[in-house]
Amino acid sequence: MKQDVVPEPMDARLGRRLAELRAERGWSLGDLAERSGISRSTLSRAERAEISPTAALLNRLCHVYGRTMSRLLSEVEEEPAPLLRAAEQPVWEDRASGFVRRSVSPPHPGLRGELVEGRLAAGADIAYDRPPVSGLEQHIWVLEGGLAVTAEDVEHRLDAGDCLRLRVAGPTRFRCVGGTRARYVLAVVLP
């Protein structure tokens, strides 16, 4: 006898928000599939929280909806407080890729910047086919381990203490290099 799987609360809220965004635009699943390059069945399953979306899938949807991933994730959380204790910072995990994302300083409607802590498991590799918002400014500061960041077909190898600054206009890739996890701070500034 198959038991019903209860979605994680964050996945359920995220699924509802994704469905709302599509409905606000009057798009069918087919319309969104064409715009995002994601199959209708995957979109439907994400909206119903039958799957936990990957970072790459959310990035494609953020691009279509003109949002950063942090903004989308903040829309499924309560209004952010000015002071956010470490234990209260929202954490999201892409279990398929080994990526953990902590929203240290969540986006706020009156502010253009935010801070994110990223953790990649040893060997993890995440590719984004487009930026969530074209011209997004990013500062990537590696705290532990090694990270290879590819932007505009140029790979930058970063070790602990190194910082890479860039404007994101095309595909990017974050890859953990070395035998241990990589931990980094990502400062994101809207154009």
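Residues numbered from 1 in each chain as written. Predicted model: local features only at pLDDT ≥ 70, side-chain atom pairs only at ≥ 80, totals over all residues. Heavy atoms only, no water.

Attention now goes to the packing of helix 2 (residues 29-36) against helix 3 (residues 40-47). The angle between the axes and the distance between the axes are what describe a pair of packed helices. The interhelical angle for the contact between helix 2 and helix 3, taken along N-to-C directions, is 110°, at an axis separation of 9 Å. In terms of axis orientation, helix 2 runs roughly perpendicular to helix 3. As for how helix 2 packs across helix 3, the hand of that crossing is right-handed. Of the residues in helix 3, those touching helix 2 at Leu 29, Gly 30, Leu 32, Ala 33 and Ser 36 are Arg 40, Leu 43, Ser 44 and Glu 47. The class makeup of the residues in the contact of helix 2 with helix 3 is four nonpolar, three polar and two charged. (Axes fitted to C-alpha atoms, helices over the stretch in contact; angles between N-to-C directions. Helix = DSSP H or I, 4+ residues; strand = E, 2+ residues; numbered from the N terminus. Parallel < 35°, antiparallel > 145°, perpendicular 65-115°, else oblique. Left-handed = near helix turned anticlockwise from the far one by under 90°. Contact = heavy atoms within 4.5 Å. Nonpolar A, V, L, I, M, F, W, Y, C, P; charged D, E, K, R; others polar.)

This part covers the sheet that holds strand 1 (residues 91-94). Across the sheet, six strands lie side by side as 1-2-3-10-5-8; this open sheet has antiparallel pairing. The open sheet is flanked by strand 1 and strand 8 (163-168), the only strands paired with a single partner. Across this sheet, the average inter-strand angle for adjacent strands is 25°, counted without regard to direction. Pairing of strand 3 (residues 113-120) with strand 10 (residues 182-189) involves eight bridges; the strand directions are antiparallel. Within strand 10, the position partnered with Val 116 by the bridge is Leu 186. (Pairing = 2+ DSSP bridges.)

Looking now at unusual backbone geometry. We note that Glu 152 has phi near 50°; this positive angle belongs to a residue other than glycine. Locating Glu 152 in the fold gives a position in the loop between strand 6 (146-151) and strand 7 (154-158). In this structure Glu 152 comes out as exposed when scored by relative accessible area, which is 58%. Even without a glycine there, the phi angle at Asp 153 is positive, about 65°. (Buried < 20%, exposed > 50% of the residue type's maximum accessible area, 1.4 Å probe, protein only.)

Further remarks concern the environment of Arg 173. With respect to the helices and strands, Arg 173 occurs in strand 9 (residues 172-177). On a C-alpha basis, the gap between Arg 173 and Glu 152 in space is 9.9 Å, while along the polypeptide they are 21 residues apart. Residue contacts for Arg 173: discarding those within four places in its chain leaves Asp 125, Ile 126, Ala 127, Ala 148, Val 149 and Thr 150. Separated by 2.5 Å, the side chains of Arg 173 and Asp 125 make a polar contact. (Polar contact = N/O pair within 3.5 Å; in protein donor to acceptor, adjacent residues only side chain to side chain.)

A separate point is the sheet that holds strand 7. Across the sheet, which stays open at both edges, the four strands sit in the order 4-9-6-7 with antiparallel pairing between neighbours. In the strand order of this sheet, the two ends are held by strand 4 (125-128) and strand 7, each with one partner. With strand direction ignored, the average angle separating the axes of adjacent strands in the sheet is 15°. Here strand 6 runs beside strand 9; their pairing, made up of six bridges, is antiparallel. Along strand 9, the bridge assignment pairs Val 149 with Phe 174.

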